Amino acid sequence: MEKRYIYADHAATTAVSPEVLEEMLPYFTEHYGNASSIYKMGRESHAALNNARERVAACLGAQANEIYFTAGGSESDNWAIKGTCDRLGAQGKKHIITSVFEHHAVLHTCEYLEKHGFEVTYLPVNAEGLIDPADVEKAIREDTALVTIMYANNEIGTIQPIAEIGAICKAHKVLFHTDAVQAVGNVEIDVKAQNIDMLSLSGHKFHAPKGVGALYVRRGIILPNLVHGGGQESGRRAGTENVAGIMGLAKAIEIATADIPAKIAKLTPLRDKLIDGILKLPQTRLNGSREQRLCGNVNVSIVGIEGESLLLMMDYHGVCASSGSACTSGSLDPSHVLLSLGLKHEVAHGSLRLSFDKDFTEEDVDYILEVIPQVVSRLREMSPMWEKMCKEGTVLV
Amino acid sequence: MIYSEKVMDHFTNPRNVGEIENADGIGEVGNAKCGDIMKMYLKIDGNVITDVKFKTFGCGAAVATSSMATELIMGKTIDEALQLTNKAVMEALDGLPAVKVHCSVLAEQAIKSALWNYYEKQGVDPEPIIGKVPDCEDCH
């Protein structure tokens, strides 16, 4: 087997694409003017920002004045949630609805607000990793300030019924925020049609550089200033704009959203071949719905082995992947996402996430499917857990 | 989090993996829920550890510490093996990331647990010799 190098961790981050880099380069060395300056070079930067804002808005079905550039997904999530709660909490609305398997940027922000007098309802997800919109409706109260539900889960790639949740929130006049960091470029997003009031996105997940993102805020919603200072971002987020990064974001989101159906048509068969190939191994399971799933996400549990060992061995064979094991999370517990599906700890420890993009090929799939069985058999051979399971005939999945 | 070259070497080419049939002492520490289990097999002749094998379910550091621990006690006397500390295992591996220190503790415990089993088989009360072997919950 000839060794290949396969980057299968696009849900973690992506490379800046050549087109995006080309779009950005002039803003480092030629058009480096401060967008707040009055002279021509400043005006050019200002014009570039306007242009980028329009382009990002167009990809989401939004208006340019509804887009605020930020440093990324976590910042956008923090701003949307804390900003909304700051404003509505003062009016007595001190209840937030979210889900148990949100990204930590949302979960930890909600936990912070709990310490400051807010009550949070953490909706469960079903065994397929999907939220029931009816649960959202049931949880809404008189004092609900915000519903925040992720568009697509970052670990298991399950796509949530966002339009339904949006319609429910609209009917109950409750603000609805979604963390769409994993969804942009993978699903068709239309913030108006889907009744989304606020949406977070992060550039580096779709080939823009790290450190640039955006928050869509529907016109009419006033968020308190995130950073106090100058008048940048309509005075809401002070600080000289990252013009090059923002231009890169605009180019990247245009490319990412240009032909989503083609991407889905190309990647879905590859994803399913990968899933089916891995599931041929005994005691393995797919985590999360196969149907309501991002076209570039595979998340499986392989019982009897531990995720970090699996990743190190795969890295040795040239495959970059990720896991929800405790050892890779830096905590004692495996991923909260996998546990939310009802997985046992020992099953969650053996999880593997492969995430890929348009450049993924059949050859890549075949190579990964050669590597995984070898690695799994080697790790299972030395696993006392596997040995015990085989002796006792234990079936965990 | 970065592993030393020694850790990676012991992870990719672990020494003494396997089982010993009719082992004189077998110890198992950790549990699947925590994400690491180490099982250690000892062959003891007189007072000397003549063979040692291990099986580990766990992260890269868990495998590497098990492997290193087996190397460090192979051919040693029981007394020497009992004196092996997790710190010595870590040092032999050129260090471990802070979050992985518990893996080295587990390796030390696995040896003690196997020796405990050895003494029990001999009909000797292990506690005065080995002391208490803390369980998995204590190592985190």
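Source: prediction; values computed, not measured.

What about the overall build of chain B?
Turning to step 1, where the next piece is worked out: Across its full length, chain B holds 7 helices and 3 strands.
Turning to step 2, where the next piece is worked out: Once the C-alpha set of chain B is aligned to its principal axes, its extents read approximately 45 × 30 × 25 Å.
Turning to step 3, where the next piece is worked out: Out of the 140 residues in chain B, the part that is buried amounts to 55%.
Turning to step 4, where the next piece is worked out: In chain B, 61% of the contacts between residues at least 6 apart in sequence involve partners at least 24 apart.
Turning to step 5, where the next piece is worked out: Summed over all atoms, the accessible surface of chain B reaches about 6000 Å², with 47% contributed by carbon and sulfur.
Turning to step 6, where the next piece is worked out: Where the 13 positive side-chain charges of chain B centre and where its 21 negative ones centre are 3 Å apart.

Observations regarding the state of the cysteines
Such a bond, covalent and formed between the sulfur atoms of two cysteines, is termed a disulfide.
Turning to step 1, where the next piece is worked out: Evaluation of the coordinates by the stated rule reveals 0 disulfides over all chains.
Turning to step 2, where the next piece is worked out: For A:Cys169, which is in no disulfide, the shortest distance to another cysteine sulfur is to A:Cys85 and amounts to 13 Å.

Concerning the sheet that holds strand E3 (residues 48–57) of chain B
Residue and element names in this part refer to chain B.
Turning to step 1, where the next piece is worked out: On the basis of which strands lie adjacent, the open sheet formed by 3 strands has the order E1-E2-E3 and antiparallel pairing. Lying at the two open borders of the sheet, with one neighbouring strand each, are strand E1 (25–31) and E3. Neighbouring strand axes in the sheet, compared pairwise and without regard to direction, differ in orientation by 15° on average.
Turning to step 2, where the next piece is worked out: Looking at chain direction, E1 and strand E2 (residues 36–45) are connected through 7 bridges and run antiparallel. Following the sheet pairing, Gly 30 is matched in E2 by Ile 37.

Topic: the pairing of strand E8 (residues 213–217) of chain A
Consecutive side chains along a regular strand alternate between the two faces of the sheet.
Residue and element names in this part refer to chain A.
Turning to step 1, where the next piece is worked out: Along E8, 5 of the 5 residues are buried, which leaves the element largely enclosed by surrounding structure.
Turning to step 2, where the next piece is worked out: Burial along E8 is two-sided: Gly 213, Leu 215 and Val 217 and Ala 214 and Tyr 216, pointing in opposite directions, are all buried.
Turning to step 3, where the next piece is worked out: Two elements, strand E2 (residues 67–70) and E8, share 4 bridges in a ladder whose sense is antiparallel. Within E8, the position partnered with Ile 67 by the bridge is Tyr 216.

Brief notes about the packing of helix H2 (residues 60–73) of chain B against helix H5 (residues 101–121) of chain B
Residue and element names in this part refer to chain B.
Turning to step 1, where the next piece is worked out: Packing of H2 against H5 leaves a shortest axis separation of 9 Å and a crossing angle of 40°. Classed by the angle they form, the pair H2 and H5 counts as oblique. Seen from above, H2 lies across H5 with right-handed handedness. Contacts from Ala 61, Ala 62, Thr 65, Ser 66, Ala 69 and Ile 73 of H2 reach H5 at Cys 103, Ser 104, Ala 107 and Ile 111.

Comments concerning helix H8 (residues 243–258) of chain A
Note: α-helices contain 3.6 residues per turn, so residues at a spacing of three or four share the same orientation.
All names here are of chain A.
Turning to step 1, where the next piece is worked out: Relative to the 22 Å expected for 16 residues at 1.5 Å per residue, H8 spans 22 Å between its end C-alpha atoms, a close match to the ideal helical length.
Turning to step 2, where the next piece is worked out: Of all 16 residues in H8, 12 are buried, a share of seventy percent or more.
Turning to step 3, where the next piece is worked out: For H8, the set of buried residues is Val 243, Ala 244, Gly 245, Ile 246, Met 247, Gly 248, Leu 249, Ala 250, Ala 252, Ile 253, Ala 256 and Thr 257.

Looking at the sheet that holds strand E3 (residues 95–99) of chain A
All names here are of chain A.
Turning to step 1, where the next piece is worked out: Pairing in this open sheet of 7 strands is mixed, and the strands run E2-E8-E7-E6-E5-E3-E4 from one edge to the other. Looking at strand neighbours, the two that pair on one side only are E2 and strand E4 (119–123), the edges of this open sheet. Between one strand and the next, the sheet's axes are offset by a mean angle of 20°, whatever the strand orientation.
Turning to step 2, where the next piece is worked out: Two strands pair when backbone bridges link them, and E3 and strand E5 (residues 144–148) are joined in this way by 3 bridges, in the parallel orientation. Following the sheet pairing, Ile 97 is matched in E5 by Val 147.
Turning to step 3, where the next piece is worked out: Lying over the sheet, helix H5 (residues 104–114) contacts E3, E4, E5 and strand E6 (175–179), oriented at roughly 150° with respect to E4.

What counts as what
- Residues numbered from 1 in each chain as written.
- Chains lettered and ligands numbered in written order.
- Predicted model: local features only at pLDDT ≥ 70, side-chain atom pairs only at ≥ 80, totals over all residues.
- Heavy atoms only, no water.
- Helix = DSSP H or I, 4+ residues; strand = E, 2+ residues; numbered from the N terminus.
- Buried < 20%, exposed > 50% of the residue type's maximum accessible area, 1.4 Å probe, protein only.
- Contact = heavy atoms within 4.5 Å.
- Areas by Shrake-Rupley, 256 points an atom, 1.4 Å probe, with all protein chains shown as cover.
- Lys, Arg positive; Asp, Glu negative; His and termini not counted.
- Charge placed at Lys NZ, Arg CZ, Asp CG, Glu CD.
- Disulfide = S-S within 2.5 Å.
- Pairing = 2+ DSSP bridges.
- Axes fitted to C-alpha atoms, helices over the stretch in contact; angles between N-to-C directions.
- Parallel < 35°, antiparallel > 145°, perpendicular 65-115°, else oblique.
- Left-handed = near helix turned anticlockwise from the far one by under 90°.
- Expected span 1.5 Å × (residues − 1).

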